[in-house]
Amino acid sequence: MANAGAIEIRNLTKTFGRDTKALNGVTFSVEPGEMVALIGASGSGKSTLIRHIAGLVQPDAGVRSEITVNGAQVQSNGRIDPHIRAVRTQVGMVSQQFNLVPRLSLLTNVCLGALGRIPKWRGNLALFPKEERVHAMDALDRVGMARFAGQRSSTLSGGQQQRGAVARALVQGAQVLLADEPIASLDPRSARSVMQTIASLNAEDGMSVLVSLHQVDYAVRFCPRTIAMSDGRIIFDGPSRELTPSFLQELYGERSDEVILGSATALDEHAPDNPKPHDPASPELQDARVMA
Amino acid sequence: MRPGDLVRYSGNMWKFASGFFPPDFYEWPTYAEEMVVTVQIALWGTVLAVVCSIPLGILCAENVVPVWVYQPMRRLMDAARSINELVFAMLFVVAVGLGPFAGVLALFIHNTGIIAKLFSEAVESIDPRPVEGVRATGGTGVQEVIFGIIPQVIPLWASYTLYRFETNVRSATVLGIVGAGGIGQTLWEAIRGFYYAETAAIMIIILASVTVIDLISQRLRRAFI
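Residues numbered from 1 in each chain as written. Chains lettered and ligands numbered in written order. Predicted model: local features only at pLDDT ≥ 70, side-chain atom pairs only at ≥ 80, totals over all residues. Heavy atoms only, no water.

A look at the interface of chain B and chain A
For step 1, the next point in the chain: With 22 residues of chain B in contact, the opposing surface of chain A contributes 26 residues.
For step 2, the next point in the chain: Interface area, chain B with chain A, both sides summed: about 2000 Å², of which 61% is carbon and sulfur.
For step 3, the next point in the chain: On inspection of chain B and its partner chain A, the count reaches one salt bridge.
For step 4, the next point in the chain: Close ionic contact of arginine 51 of chain A with glutamate 132 of chain B constitutes a salt bridge, the shortest N to O distance being 2.4 Å.
For step 5, the next point in the chain: Counting across the interface, chain B meets chain A through four residue pairs in polar contact (both at pLDDT 80 or more).
For step 6, the next point in the chain: Mapped by element, the contributors of at least two residues to the side of chain B that touches chain A are α7 (128-136) and α8 (141-175) of chain B. (Contact = heavy atoms within 4.5 Å. Buried area = accessible area lost by both parts, 1.4 Å probe. Salt bridge = Lys/Arg side-chain N within 4 Å of Asp/Glu carboxyl O. Polar contact = N/O pair within 3.5 Å; in protein donor to acceptor, adjacent residues only side chain to side chain. Helix = DSSP H or I, 4+ residues; strand = E, 2+ residues; numbered from the N terminus.)

Structure (structure tokens):
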């Protein structure tokens, strides 16, 4: 059956500049209810791929490619579908921090998930109907953030902001959740709590999840299936348990350190070499991650 | 340049300066009234300019609209900004007659050019990720601006607005010279009539008002950040 999957991608190609291929003929599909990890070193094309699925970037024109989400077309042959707004309401997006609006309260941020379904004038004036606000509070309760509802999201820690973004996806009623490095720059405890929240959406609500991760150990722990990327191509697509350090070495060669990085610490929060939680407010930390 | 004149005619200058003292506050109620009119000109000019600059500033920002929108908008704002408010005041005095309304219009046009540019620069320096977050929920373009952009730029916009208001109070004091109302008119009449003691009194009133307004706007600025 064609186009029945949660995410269907065929021959996706994206060139930046003259000949930097960020994505090179990427083809895969995610079945409804699957939880799939996307791993790869920085610059391997994970973020670019996720942004394409949300219809935020236009792929190369003149290449026969297609992306569909729940059977609805996001783009074909480099042209974004004119009904993309309707498609986006079905896709929840959690990016690497900073996806909440800092000066708005957490509750307002979560209510933004309803924008696609309430009348435009109500949305423009931020007059969210009562049932939507109740819905938003329920979602916040679900991710354990209800008591922070009135707080400005800039005052929340990185992990709390990420759980807020997950709540927004819940309010959206998204059937597909795209998470772009949701746990980068989080300390191990927050990272696990964010991953558990995402996993519970997958297990309890049947939400299909595609989550990009920098560290392979989280993929092994939370996602049955992993897609590994390198230089814009898929180099592995299969069960996560096959991703042993030696196999990763084989896949990535000397760059494997970057992917395996942190595997000793992520599962054990008391690991001696990473005892302090990172300061989630500091953006420099993201750049401080190992660069190739 | 003849710096020697400062020494040679120092006697004359001393005589000229001493004409200002003591300041003559006999007509202070008139001066105060005109000063209030001046502040009102500045306030109206600023408010009208800010109201128009919110949409115009967004239409000048290259991270929000395509090049064929922001380039013409920016050139339009350049035009409004490049002509001094005094020149606009002279034109509006002809168009709408002598008085404060001409001054308000002059400040309004000139300041729209300035404030729209400042606002658009604030918009161009925002973090794009929250905007993308709003877009990813299925929000419209207008909603991206309302929820993604405006909350991020409000502190900077408020600060720019207050700064322009302070500047406009100072500008409004000279608009009267070309007949656009306010204390400038009274000041110019005093200078032309060689009433230096009264000129001194008017200048002291302007100085005191500008200081008070600076103090108030500092307070307000703190409230927005």
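On we go.
Things to note about the side chain of threonine 48 of chain A
For step 1, the next point in the chain: Mapped onto the secondary structure, threonine 48 of chain A falls in helix α1 (residues 46-53).
For step 2, the next point in the chain: Discounting residues that sit within four places of it in the chain, threonine 48 of chain A has contacts with Lys14, Phe16, Ala22 and Leu23 of chain A.

Details of the packing of aromatic side chains
For step 1, the next point in the chain: Following the criterion strictly, the structure yields eight aromatic pairs over all chains and no others.
For step 2, the next point in the chain: Through pairs of rings, three or more aromatic residues link up here, namely Phe16, Phe20, Phe194 and Tyr196 of chain B. (Phe/Tyr/Trp six-rings, centres within 6.5 Å; stacked < 30°, edge-to-face > 60°.)

Brief notes about the pairing of strand β7 (residues 91-94) of chain A
Residues and elements named next belong to chain A.
For step 1, the next point in the chain: Every second residue of β7 is oriented toward a common face, with Val91 and Met93 on one face and Gly92 and Val94 on the other, all of them buried.
For step 2, the next point in the chain: Here β7 runs beside strand β8 (residues 176-180); their pairing, made up of four bridges, is parallel. Across the sheet, the residue bridging to valine 94 is alanine 179, located in β8. (Buried < 20%, exposed > 50% of the residue type's maximum accessible area, 1.4 Å probe, protein only. Pairing = 2+ DSSP bridges.)

Quick look at the pattern of salt bridges
For step 1, the next point in the chain: Within this structure, the stated rule accounts for 18 salt bridges over all chains.
For step 2, the next point in the chain: One salt bridge in this structure joins arginine 142 of chain A and aspartate 205 of chain A, with 2.8 Å as the shortest N-O distance. Linking arginine 142 of chain A in helix α5 (residues 130-142) with aspartate 205 of chain A in helix α7 (residues 188-205), this pair joins segments that are 63 residues apart in sequence.
For step 3, the next point in the chain: Assessed through its relative accessible area of 35%, arginine 142 of chain A is described here as partly exposed.
For step 4, the next point in the chain: Note on aspartate 205 of chain A: relative accessible area 40%, which makes it partly exposed.
For step 5, the next point in the chain: The residue aspartate 78 of chain B makes a salt bridge to arginine 75 of chain B at a minimum N-O spacing of 3.0 Å. Of this pair, aspartate 78 of chain B and arginine 75 of chain B both sit in helix α4 (residues 67-82), three residues apart, which is roughly one turn of the helix.
For step 6, the next point in the chain: Of the residues examined, arginine 75 of chain B reaches a relative accessible area of 45% and is grouped as partly exposed.
For step 7, the next point in the chain: One connected set of salt bridges, linked through shared partners, spans Glu34, Arg225 and Asp237 of chain A.

Concerning the sheet that holds β8 of chain A
Residue and element names in this part refer to chain A.
For step 1, the next point in the chain: What the six strands build is an open sheet, ordered β7-β8-β9-β3-β10-β11; its pairing is mixed. Two strands bound the open sheet, and with one partner strand each, they are β7 and β11 (233-239). The mean inter-strand angle of the sheet, taken between neighbouring strand axes irrespective of direction, is 15°.
For step 2, the next point in the chain: Both β8 and strand β9 (residues 208-213) contribute to a ladder of five bridges, which runs parallel. If you follow leucine 178 over to β9, its bridge partner there is leucine 210.
For step 3, the next point in the chain: Contacting β3 (35-39), β8 and β9, α7 crosses the sheet at an angle of about 155° to β9. (Axes fitted to C-alpha atoms, helices over the stretch in contact; angles between N-to-C directions.)

Examining the packing of α4 of chain B against helix α6 (residues 100-124) of chain B
Residues and elements named next belong to chain B.
For step 1, the next point in the chain: For the pair α4 and α6, interaxial distance at closest approach is 7 Å and the crossing angle is 135°. When the interaxial angle is binned, α4 and α6 end up oblique. As for how α4 packs across α6, the hand of that crossing is left-handed. When α4 is examined against α6, the residues Arg74, Met77, Ala80 and Arg81 are found in contact with a partner set consisting of Ile109, His110, Thr112, Gly113, Ile114, Ala116, Lys117 and Glu124. (Parallel < 35°, antiparallel > 145°, perpendicular 65-115°, else oblique. Left-handed = near helix turned anticlockwise from the far one by under 90°.)

Description of the confidence of the model for chain B
A low pLDDT score tells you not to read the predicted coordinates there in detail.
For step 1, the next point in the chain: Within chain B, residue pLDDT values average 88, and 100% of them lie at 70 or more.
For step 2, the next point in the chain: Confidence estimates for the predicted assembly give a pTM of 0.78 and an ipTM of 0.76. (pLDDT = per-residue confidence, 0-100.)

Regarding the state of the cysteines
All names here are of chain B.
For step 1, the next point in the chain: The full count for this structure, using the stated rule, is zero disulfides over all chains.
For step 2, the next point in the chain: Unpaired in terms of disulfides, cysteine 60 finds its nearest cysteine sulfur in cysteine 52, a separation of 12 Å.
For step 3, the next point in the chain: The buried category is assigned to cysteine 60, whose relative accessible area is 2%. (Disulfide = S-S within 2.5 Å.)

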